[in-house]
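If you want the building blocks of each chain, they are given just below.
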Amino acid sequence: MTAPIKSAEDLAKQTSILYGTMIGGSTYTFFKGTYAYLLESTTNEYESTRWPCNTMKVGSNLDSKGYGVATPPDSDLREKITFAVLKLREDGDLQKLETRWWFENSQCKDKNEEKLDSSQALTLENFAGIFYILIGGLVSSVITALMEFIYRTVFKHQRLNHALCP
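This report concerns the structure included in the present document. (Residues numbered from 1 in each chain as written. Predicted model: local features only at pLDDT ≥ 70, side-chain atom pairs only at ≥ 80, totals over all residues. Heavy atoms only, no water.)

## Section: the overall build of the protein
So, step 1. On a plain count of helices and strands, the protein comes out with 7 helices and 0 strands.
So, step 2. Its helices and strands in sequence order give the protein the pattern α-α-α-α-α-α-α, from N to C terminus.
So, step 3. Relative to its full complement of 166 residues, the protein shows a buried share of 13%.
So, step 4. Within the protein, contacts between residues separated by at least 24 positions form 48% of all contacts whose residues are at least 6 apart in sequence.
So, step 5. Element-wise, carbon and sulfur atoms account for 62% of the exposed surface of the protein, whose accessible area totals about 14100 Å². (Helix = DSSP H or I, 4+ residues; strand = E, 2+ residues; numbered from the N terminus. Buried < 20%, exposed > 50% of the residue type's maximum accessible area, 1.4 Å probe, protein only. Contact = heavy atoms within 4.5 Å. Areas by Shrake-Rupley, 256 points an atom, 1.4 Å probe, with all protein chains shown as cover.)

## Notes on the state of the cysteines
So, step 1. Scanning the model with the defined rule gives 1 disulfide in all.
So, step 2. The disulfide bridge from cysteine 53 ends at cysteine 108, spanning 1.8 Å between sulfur atoms. In this structure, the disulfide formed by cysteine 53 and cysteine 108 twists by about -95° around the S-S bond and is classed as left-handed. Within this pair, whereas cysteine 53 is found in the loop between helix 3 (41-47) and helix 4 (77-90), its partner cysteine 108 is found in the loop between helix 5 (93-104) and helix 6 (109-118), the two being separated by 55 residues in sequence.
So, step 3. Look at cysteine 53 and you get partly exposed, because its relative accessible area is 22%.
So, step 4. Exposure remark for cysteine 108: the relative accessible area of 4% places this residue in the buried category. (Disulfide = S-S within 2.5 Å.)

## Things to note about the pattern of salt bridges
So, step 1. Under the definition given, this model contains 3 salt bridges.
So, step 2. The shortest N-O distance in the salt bridge between aspartate 93 and lysine 96 comes to 3.9 Å. Pair noted here: aspartate 93 and lysine 96 are both in helix 5, with a separation of 3 residues, about one helical turn.
So, step 3. Lysine 96 gets classed as exposed once you look at its relative accessible area, which sits at 55%.
So, step 4. The partner of arginine 152 in a salt bridge is glutamate 148, with the nearest N and O atoms 3.1 Å apart. Highlighted residues: arginine 152 and glutamate 148, both in helix 7 (residues 124-164), separated by 4 residues, approximately one helical turn. (Salt bridge = Lys/Arg side-chain N within 4 Å of Asp/Glu carboxyl O.)

## Quick look at the environment of glutamate 104
So, step 1. Looking at the secondary structure, you find glutamate 104 in helix 5.
So, step 2. Classification of glutamate 104 as partly exposed rests on a relative accessible area of 44%.
So, step 3. Glutamate 104 sits 55 residues away from threonine 49 along the chain, and the two C-alpha atoms are 9.4 Å apart.

## A short note on a nonpolar patch on the surface
So, step 1. Together, Phe127, Ile130, Phe131, Leu134, Ile135, Val139, Ile143 and Met147 make up a nonpolar patch on the protein surface, roughly 780 Å² of accessible area in all.
So, step 2. Structurally, the position occupied by methionine 147 is in helix 7. (Patch = residues over 30% accessible without salt bridge, like charges linked within 9 Å, V, L, I, M, F, W, Y side chains within 5 Å.)

## Side note on the packing of aromatic side chains
So, step 1. Across all of its chains, the model carries 2 aromatic pairs by this definition.
So, step 2. Between the aromatic rings of tyrosine 46 and tryptophan 102, the centroid separation amounts to 5.1 Å while the plane-to-plane angle is 70°, which identifies the pairing as edge-to-face. With tyrosine 46 in helix 3 and tryptophan 102 in helix 5, this pair connects stretches of sequence that are 56 residues apart.
So, step 3. For the pair tyrosine 151 and phenylalanine 155, a centre-to-centre distance of 6.0 Å together with 15° between the ring planes defines the contact as stacked. (Phe/Tyr/Trp six-rings, centres within 6.5 Å; stacked < 30°, edge-to-face > 60°.)

Here's what the structure looks like:
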């Protein structure tokens, strides 16, 4: 599926594809009911892995919000649940669960291989550009220092010759 729309701005500028929000979602509240088919990123990522595999995410998220677990006021569970969720997030377990349930169990295997590949560990290839820039900066610094050294040596030699030969 090719994406003629690359961002939310592209979607807003066109008239051939209809769009809207899910009633009751935070995106619906954000737009106060104005018709646009925008939804929470978590829901979008999940739905794009479900049959009939004809949806896609366009552009970046409009905002970033987390989810919470509600407990009664002054509940003994509140602090325990908070720390448990934080530990799951810090250990990467929440990301592993998302990958497992969203992408590994996808009904659209070909479409989501790209998402799984992009979450792999960083390799040397990912940093090659940085090394090229550093090496280029180092070479230009050495050339500049060498040119300055030669200039100062020649300049001092000429001044010394001029002082000795009036």
